[in-house]
Amino acid sequence: MMKKMSIPTSKTSLVLFLCQIISALDVPLDSKLLEELSQPPTITQQSPKDYIVDPRENIVIQCEAKGKPPPSFSWTRNGTHFDIDKDAQVTMKPNSGTLVINIMNGGKAEAYEGVYQCTARNERGAAISNNIVIRPSRSPLWTKEKLEPNHVREGDSLVLHCRPPVGLPPPIIFWMDNAFQRLPQSERVSQGLNGDLYFSNVQPEDTREDYICYARFNHTQTIQQKQPISVKVFSMDSLNDTIAANLSDTDIYGAKPVTERQPVLLTPTGSTSTKVELRGNVLLLECIAAGLPTPVIRWIKEGGELPANRTFFENFKKTLKIIDVSEADSGNYKCIARNTLGSVHHVISVTVKAAPYWITAPRNLVLSPGEDGTLICRANGNPKPSISWLANGVPIAIAPEDPSRKVDGDTIIFSHVQERSSAVYQCNASNEYGYLLANAFVNVLAEPPRILTPANKLYQVIADSPALLDCAYFGSPKPEIEWFKGVKGSILRGNEYVFHDNGTLEIPVAQKNSAGTYTCVARNELGKIQNEVQLEIKDPTMIIKQPEYKVIQRYGQVSFECIIKHDSTLLPTVTWLKDNDELPDDERFLVGKDNLTIMNVTDKDDGTYTCIVNTTLDSVSASAVLTVVAAPPTPAIIYARPNPPFDLELTGQLERSIELSWIPGDENNSPITNFVIEYEDALHEPGVWHYQTEVPGTQTTVQLKLSPYVNYSFRVIAVNKIGRSQPSEPSEQYLTKSASPDENPANVQGIGSEPDNLVITWEPLKGFQSNGPGLQYKVSWRQKDVDDEWTSVIVANVSKYIVSGTPTFVPYEIKVQALNDLGYAPEPSEVIGHSGEDLPMVAPGNVQVHVINSTLAKVHWDPVPLKTVRGHLQGYKVYYWKVQSLSRRSRRHVEKKILTFRGNKTFGMLPGLEPYSSYMLNVRVVNGKGEGPASPDKVFKTPEGVPGSPSFLKITNPTLDSLTLEWGSPTHPNGILTSYTLKFQPINNTHELGPLVEIRIPANESSLILKNLNYSTRYKFYFNAQTSVGSGSQITEEAVTIMDEAGILRPAVGAGKGYSEILFATSPVMHTVRPTFYKVQPLYPRIRNVTTAAAETYANISWEYEGPDHANFYVEYGVAGSKEDWKKEIVNGSRSFFVLKGLTPGTAYKVRVGAEGLSGFRSSEDVFETGPAMASRQVDIATQGWFIGLMCAVALLILILLIVCFIRRNKGGKYPVKEKEDAHADPEIQPMKEDDGTFGEYRLFSFVSSAPF
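Residues numbered from 1 in each chain as written. Predicted model: local features only at pLDDT ≥ 70, side-chain atom pairs only at ≥ 80, totals over all residues. Heavy atoms only, no water.

1. Describing the overall build of the chain
And then number 1: The helix and strand inventory of the chain stands at 5 helices and 95 strands.
And then number 2: Contacts in the chain between residues far apart in sequence, at least 24 positions, make up 66% of those at least 6 positions apart. (Helix = DSSP H or I, 4+ residues; strand = E, 2+ residues; numbered from the N terminus. Contact = heavy atoms within 4.5 Å.)

2. Thoughts on the sheet that holds strand β59 (residues 657-663)
And then number 1: In space, the 3 strands of this open sheet follow the order β58-β59-β62, with antiparallel pairing throughout. Unpaired on one side and paired on the other, β58 (646-651) and β62 (701-705) mark the two borders of the sheet. Strand after strand, the sheet turns through a mean of 25° between neighbouring axes, direction not considered.
And then number 2: Judged from the 4 bridges that link them, β58 and β59 form a sheet pairing that is antiparallel. The residue of β59 that forms the bridge with Glu 649 is Ser 661. (Pairing = 2+ DSSP bridges. Axes fitted to C-alpha atoms, helices over the stretch in contact; angles between N-to-C directions.)

3. A word on the state of the cysteines
And then number 1: Taken as a whole and judged by the stated rule, the model has 6 disulfides.
And then number 2: Residue Cys 162 pairs covalently with Cys 213 via a disulfide, S to S 1.9 Å. Across the S-S bond of Cys 162 and Cys 213 the torsion is about -70°, and the bridge reads as left-handed. You can see Cys 162 sitting in the loop between β14 (158-160) and β15 (172-176) and its partner Cys 213 sitting in strand β18 (residues 208-217), a full 51 residues away along the chain. Each member of the pair Cys 162 and Cys 213 is classed as buried.
And then number 3: Note that Cys 562 is cross-linked by a disulfide to Cys 611, the S-S spacing being 1.9 Å. Disulfide Cys 562-Cys 611: the torsion about the S-S bond is -70°, which places it as left-handed. Of this pair, Cys 562 sits in the loop between β50 (558-561) and β51 (563-565) while Cys 611 sits in strand β56 (residues 607-614), placing them 49 residues apart in sequence. Both residues of the pair, Cys 562 and Cys 611, belong to the buried class. (Disulfide = S-S within 2.5 Å. Buried < 20%, exposed > 50% of the residue type's maximum accessible area, 1.4 Å probe, protein only.)

4. Examining the nonpolar core
And then number 1: Membership of the largest hydrophobic core comes to 31 residues, with the highest contact counts inside it found for Ile 59, Ile 61, Trp 75, Ile 101, Tyr 116 and Ile 134.
And then number 2: Elements supplying a minimum of two residues to this core: β3 (50-53), β4 (59-61), β6 (72-77), β9 (99-101), β10 (114-122) and β12 (132-136).
And then number 3: Examining the composition of this core, we find that 3 residues originate from one element, β10, more than from any other.
And then number 4: Setting aside residues up to four positions removed in sequence, Ile 101 forms contacts with Asn 58, Ile 59, Ile 61, Gln 89, Val 90, Tyr 112 and Tyr 116. (Core = buried A, V, L, I, M, F, W, Y, C linked by side-chain atoms within 4.5 Å.)

5. Structural notes on the environment of Ala 337
And then number 1: Along the chain, Ala 337 falls in strand β28 (residues 331-339).
And then number 2: What makes Ala 337 buried here is its relative accessible area of 0%.
And then number 3: A C-alpha to C-alpha distance of 8.9 Å links Ala 337 and Ala 290, two positions 47 residues apart in sequence.
And then number 4: When neighbours within four sequence positions are excluded, Ala 337 is seen to be in contact with Pro 263, Ala 289, Pro 295, Val 296, Ile 297, Gly 342, Ser 343 and Val 344.

6. Side note on the sheet that holds strand β35 (residues 405-408)
And then number 1: Read across the open sheet, the 3 strands follow the order β31-β36-β35; overall the sheet is antiparallel. Across the chains shown, the open sheet's two edge strands, defined by having one partner strand only, are β31 (373-376) and β35. Across the sheet, the mean angle separating the axes of adjacent strands is 20° when strand polarity is ignored.
And then number 2: Of the pairings in the sheet, the one linking β31 to strand β36 (residues 411-414) comprises 4 bridges and is antiparallel in character. Across the sheet, Thr 374 pairs through a bridge with Ile 413, a residue of β36.

7. Points about the pattern of salt bridges
Pairing is possible between side chains that carry opposite charge, provided their charged atoms lie close to one another.
And then number 1: Taken as a whole and assessed by the stated rule, the structure comprises 38 salt bridges.
And then number 2: Note that Asp 605 and Arg 588 form a salt bridge whose closest N and O atoms lie 2.9 Å from each other. Taken together, the residues Asp 605 in the loop between β55 (595-598) and β56 and Arg 588 in the loop between β53 (581-582) and β54 (589-591) connect sequence positions 17 residues apart.
And then number 3: Between Arg 724 and Glu 678 there is a salt bridge, with its nearest N and O atoms 3.6 Å apart. Of the two residues, Arg 724 is situated in the loop between β63 (711-719) and β64 (734-735) and Glu 678 in strand β60 (residues 674-681); the sequence distance between them amounts to 46 residues.
And then number 4: With a relative accessible area of 11%, Glu 678 lands in the buried category.
And then number 5: Where salt bridges share partners, they join Asp 177, Arg 208 and Asp 210 into one cluster. (Salt bridge = Lys/Arg side-chain N within 4 Å of Asp/Glu carboxyl O.)

8. Looking at the packing of aromatic side chains
And then number 1: Inspection of the entire model under this criterion finds 23 aromatic pairs.
And then number 2: Each ring, one from Phe 180 and one from Tyr 214, has its centre 6.2 Å from the other, and the planes form 45°; the classification is tilted. Residue Phe 180 is located in the loop between β15 and β16 (189-191), and its partner Tyr 214 is located in strand β18; the two are separated by 34 residues in the primary sequence.
And then number 3: Arranged with centres 4.7 Å apart and planes meeting at 45°, the rings of Trp 967 and Phe 1023 form a pair that is tilted. Here Phe 1023 lies in strand β86 (residues 1018-1026) and Trp 967 lies in strand β82 (residues 963-970), a separation of 56 residues in the sequence. The two residues Trp 967 and Phe 1023 agree in class, both being buried.
And then number 4: The positively charged end of Arg 279 is found above the aromatic ring belonging to Tyr 357, 3.7 Å away from the centroid.
And then number 5: When the ring centre of Tyr 879 is taken as reference, the NZ or CZ atom of Arg 924 above it lies at 4.0 Å. (Phe/Tyr/Trp six-rings, centres within 6.5 Å; stacked < 30°, edge-to-face > 60°. Lys NZ or Arg CZ within 6 Å of the ring centre and 35° of its normal.)

9. Description of unusual backbone geometry
And then number 1: In this structure, the amide linkage connecting Leu 292 to the following residue, Pro 293, adopts the cis form with an omega of 0°.
And then number 2: As for its position among the elements, Pro 293 is in the loop between β24 (288-292) and β25 (296-301).
And then number 3: The step from Asn 382 to Pro 383 runs through a cis peptide bond, and the omega angle for that step is 5°.
And then number 4: Its place among the elements puts Pro 383 in the loop between β32 (378-382) and β33 (386-391).
And then number 5: A positive phi angle, close to 70°, is found at Asn 669, a residue other than glycine.
And then number 6: With respect to the element layout, Asn 669 can be found in the loop between β59 and β60.
And then number 7: Non-glycine residue Asn 974 carries a positive phi angle of around 55°.
And then number 8: Considering the arrangement of structural elements, one finds Asn 974 in the loop between β82 and β83 (979-987).
And then number 9: Given a relative accessible area of 18%, Asn 974 falls into the buried group.

10. Some points on a nonpolar patch on the surface
And then number 1: On the surface, a cluster of nonpolar side chains totalling about 670 Å² of accessible area is made up of Leu 1196, Leu 1199, Ile 1200, Ile 1203, Val 1204, Phe 1206 and Ile 1207.
And then number 2: Examined against the element boundaries, Leu 1199 turns out to sit in helix α4 (residues 1185-1210).
And then number 3: Assessed through its relative accessible area of 48%, Leu 1199 is described here as partly exposed. (Patch = residues over 30% accessible without salt bridge, like charges linked within 9 Å, V, L, I, M, F, W, Y side chains within 5 Å. Areas by Shrake-Rupley, 256 points an atom, 1.4 Å probe, with all protein chains shown as cover.)

11. Here we look at the layout of surface pockets
And then number 1: Approximately 1200 Å³ is the volume found for the second largest pocket.
And then number 2: Taken together, 39 residues form the lining of the second largest pocket, with Arg 182, Leu 183, Pro 184, Gln 185 and Asp 838 sitting closest to its centre.
And then number 3: Here the lining of the second largest pocket takes 3 residues from β15, the largest share from any one element.
And then number 4: Residues of the lining of the second largest pocket, tallied by class, amount to 18 nonpolar, 10 polar and 11 charged. (1 Å grid on protein atoms, 1.4 Å probe; cavity = no way out; pocket = protein on both sides within 12 Å on 5 of 7 lines; lining within 4 Å. Points joined across faces, edges and corners; volume = space filled by probe spheres on them. Nonpolar A, V, L, I, M, F, W, Y, C, P; charged D, E, K, R; others polar.)

Any functional reading would require information that these geometric values do not contain.
Now the structure itself:
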C-alpha cells in the first residue's frame, strides 16, 4: 500500500500550498503562476499606530500592499475621505499607497495632525491599515523662573526640582555642571524617575552654584537647559564660628553637631501607593530615602519572590526594574530603607493590565468552489477585549450579504463558497488600553491542475543511494498525484517507494533496474496533466587499490598507488593531500595517473598522504602513512611502527571505573615502550578522541576511571622508538549513569565594568564535567559587610552574568554553583569581588612643597579618604610645569610634566628642575577608572644655581700687543649674574703653558681689550660666568698676537728657559670695573676638581683649592686596585699642579691631593691610566759601518729641517693647530715643568674692557 510522509527537502522550493484549506500567502510561488492567479489585497507595510514626526522634515505615511490585479489605494483622515488631489503639498508614490506630505517647501506639520487610514482595493476585496495617528514632535522652551539659592545645613536632605517642559515625546533628563560634566551620583545623591535630584543628606562638598538640569528631546535633536541652581551647605564648624563672632563671651552659643537621623522617604510619600502597568512593558518602581548615615534600599515582593532573570536593580537599588511584565507580576512590592538608626518602608500595589494580544489571529483562506472553511479571531487582554468583524473595510453588519457566510462571535464559518465569496475580512479586538486589527482574505479559486517541475528533467544518482523525483503541482481543488514508470507502466505502489505530500517520489535504495522514465499525473475535477522525468543510475566510484603504509629510508624513493574504478559516464578527478593540506610545491613529488611518487625522500616528507577521488555525484578517499627512517646498518633490519593492538575487551563495569584489556600487535623489530589509551565521548563529542592515560609496554590491562553521563568507547595505540601504531578498532560502548556535578566552575571573579554594575565571570565546565543533562549555573551575590541576603539567579551554560544597579566600588561576596537535572554540585567557596569603579571624588589636600636645591624639590600632600577614591587606589600623579624664569621674567609655552607615585604615598621628589624659576604643581589621586580632580595649583620657586657657560667667546682685532674679546651671556643664567672670570696664559714653542692670569669682569660687560701682550705669541683664554652660588662651566679659545714686522727686538730668553718673567702693571681700567669684588673666606677648606692628563711615563695632576692661604700640598698615588701603601710627593710652594714621573706605561693609577697641617683633609680619589709603551725592534747592527753612515745622514737632514723651521718661525710661520690643542688642555691640568727653571720675562701688558652698546 502507499506510504505517505512529510520530510524537509530542498526540492520543494516551488511547491504551492494554496491547495490547503488554510495556507500562508507568503509561500514562494512560481513566477509564471503568480502572473495568472487572482489574489485579494494584502497590506505588507504600514506606518506605526502612534507616529510622531519631525516637524522640520517631510511626513511619509507608509502603506504598501500586494495583490492580483495590483490594488488601488485611498485614504481617510479623521474618519472622512482624504482627497489628496486637492492638496498640493500631498503626493502618493507611484504603484504604492505611501503618502508624502511636503513640509520642507512651505507646509506646516501641525496642519496635518490627525488619524489616517489606508485602503488597498482590487476586484477581489479591500484590505485596510491600522489607524495611524500623526503628531509632530514638540520641544518647548523652559519657562522662566526665579530660582532662590538653597541654603542647607550639613546632614539635612535636599530635593532639587527639574520640572522639564512637556514635550512630545517626553524628554530625557540629566544633570550637569557649567563645564558640561555629569554630576556624580551615588547612594547619597541620585536622580529620580521624575528628573529631580535627591540628596539623602548634604555634605560640604555639595556646595556649588551650577546644578543644571538638561532636557534632551531626541526626536528634534535639541537640548533645553534650566537656569543653574545654587546650593550652599553650612557645616557645623562654620555655623559655630558665625555665632561666636556675633555673641559675647557670656552668651551661650554653639550650633548642635551634625546629628544622625533614621530614614524618611522622600519619594513616594506615605506608606502605600498604587501603580498600573501594561503587560509586556517595563515596570519601574522607585524609593528614595533621606537619612544620616545614607540609607540602603532593599526590595521584596509580599507573598512571593521577585521574578528571576527579569528583575534588575538600578540607581543604586533605588529603582526596581522588571522587564516584560505579565499578569502574574501583580501584587504588593515593598521597599525598605535602612540605616544604623532604624528603617522605613513603603508598599506599592501593582496591577498589570493588558492591551489586546493575539491568541489566534485570522489566517488567509484559499478555497475551491463548494468547499467549507473558517476564519478564527481570538484575542485576550485585561479587561477582556471585544471582537468585531469587517468585510472589505465595512462593518460586517452593513456589508453586502453572503449566503455562504455566518458570523459566530470570534469565528466566521463559510459553507459551499463560490467565486463571488472572495473578500478581505478584518478582525478588530479592542479594550480601553488599545486595539488589534488583522486582515485575512478568503480567495475562492477554480483552477485545473498544473505541474511546475520542468518536463523531461534528468535525475542522476549513485546506485544504492536514495533518489528523489520532483512533481511540484498546483490546482484548485487540490489535485491527486499518481506516479507511473514507463509510458504504459502501472501505477507505482509498495514499500519500495515513498510518496510525499508535495508530490515528490522517493526511491530509498535506487538500483540499476530503477533507471528509466517516470510519469507524474495530477488530476482534479477540472482536468488532468502529466509530466515525465528521467532517472539514470550510475556505478559508484571505488578505490580498488588503496595507498599502503610505507617505511622508507632517508634519501630513498617511495610510491603510493591509488587505482580507481568509476562509472564510464562520469569524469573523475584525483587529488593528493599531505596531512590534509596541499602537496608541497616541490619537483620531487610526481603525480601520475594512478600513483604518487616521492623522489629523494627527506625527514620532512614524513606524514599522512590521502588520495581523494571526486565526481559530480560522489566522492571517496583513502590514506596511508609514510615513515622516514635513517638508513640501517648492513645487513638492513627493517624497523617499523608497531601493528595496532586488537581484541579490546571491557570487564568489571562500575559506575565510576571499568577494566580494559587488549592483545598487542607485532612490534616490528622495535620493542613497544608504552600503550596510549584514548576515549571517545559519543554523547558530547562524537568522532573526537581524547587522551585518557598510558601504561608501560609490558602491561595489557588497565583500570580506567570514568565520569558520569559519558558514552565511552576506547582504543589503544602502541608506541615504539619508530613511532605510534595505527589506533586499534574501538571497543564496545559503555554509557555511565548521570549524576549531579562533582565540581564548580573555576576562576570566579567579580569586576565591575561600569560604576553601577558587577560583572561576574567564571570558567564554564567542559562537556563531560557536567555529569548529566541540563547543565546550568546558580550565580549568587551579596554585598560584603552589610546585613544582606544572598541574591541568586540560575543561568544557562554561559560564562558571565552582569548585576546592574550596584553601588559604586563596594565589595561583594560571590559564588557560582553548577547544577544539572540531577542536582547541585557541592557548595562553592566564596570569592570577593568589587562593583565598578568611578572617578575619585576629591583632590589631595594640604599640598606643600619643600625646595631642596636649585634642581630638586619635595612635595607633600595629605592622602584622600579611601571612601572617596571609589576604586582601587593606584597612586598619585603630580603635574608640574615651569611658569617662567626669574632671571629673564619672560613666559614660555607651558609643558606640563607628570610624575606618578604608586600606592598610598604622601610625598615625592621632583628632579630635573631649572634653577631660579617659578613653578606650579597640583596633585591628583588615581584609581583604575582614571584620575580624580586636581588639587589647587601650588606655586614654588627654585633658588639660584651656577650659570651655564657663556653663549660664545670671540677674539678679534689682533695687533702686536693687544687682543679684543667679545662674549655673550649664558643661555641659562640660572640666577642673577654677578661677574665674569677671564683666565689666560701664553703657550711657548714647545706647547707648554705659562703662568695663569685671572681677571674679574663686571656682569654688565660684553667685551674687553687686552693690551701690552707679547707680539707673535699664542694665548689660551678660559672664560666663565658667576652667580651668587658659584662659577659655571667655562669655554676656551686661543688667539695669536701678530708678528713684529719692523724688527722689534724680543726680550732676552735665558738658557733652557721657555718664557720670560711676567711684569704686571695695573691698568687704569681695572680700577673702574664695577661692581667691586671682595674675596670671601670659604666656610671650610676643600680641594676639588682633581684632574689628570697622563702620558706614557708621567701624568700632570691639577686641582682647585678653597681655604686658608699658604697651604702646603702633597700628592698621593698608587696602582689602582692594589693594597699597597700610597706613595707621597710634596708639592713645592702652594701651587695647584704637580707632575708625577717614572710611571709604568699602560697602568691604571689612583691619585688624591692633601694639605699639610690639616688632619684628614684630602680630596676625593681620581683614577687615570698611562699610555701604552711603544714597541721597539732590537737589531744588533749598531757596529756596522753602513748603519753608522746612514745615521749621520739622517742627523744632518734633521739639523737642516730644524734650521729652516726656526727661520720660518721668526718670519711669522704657523704651526698645526690640532697638535697644540692636543698638547695643552685645561690650564689646571697642565703645570709648569719644574726642570726648566723659571719662566723668562714678559713685557708690561694692559687691557681695556668695554660695555655692550
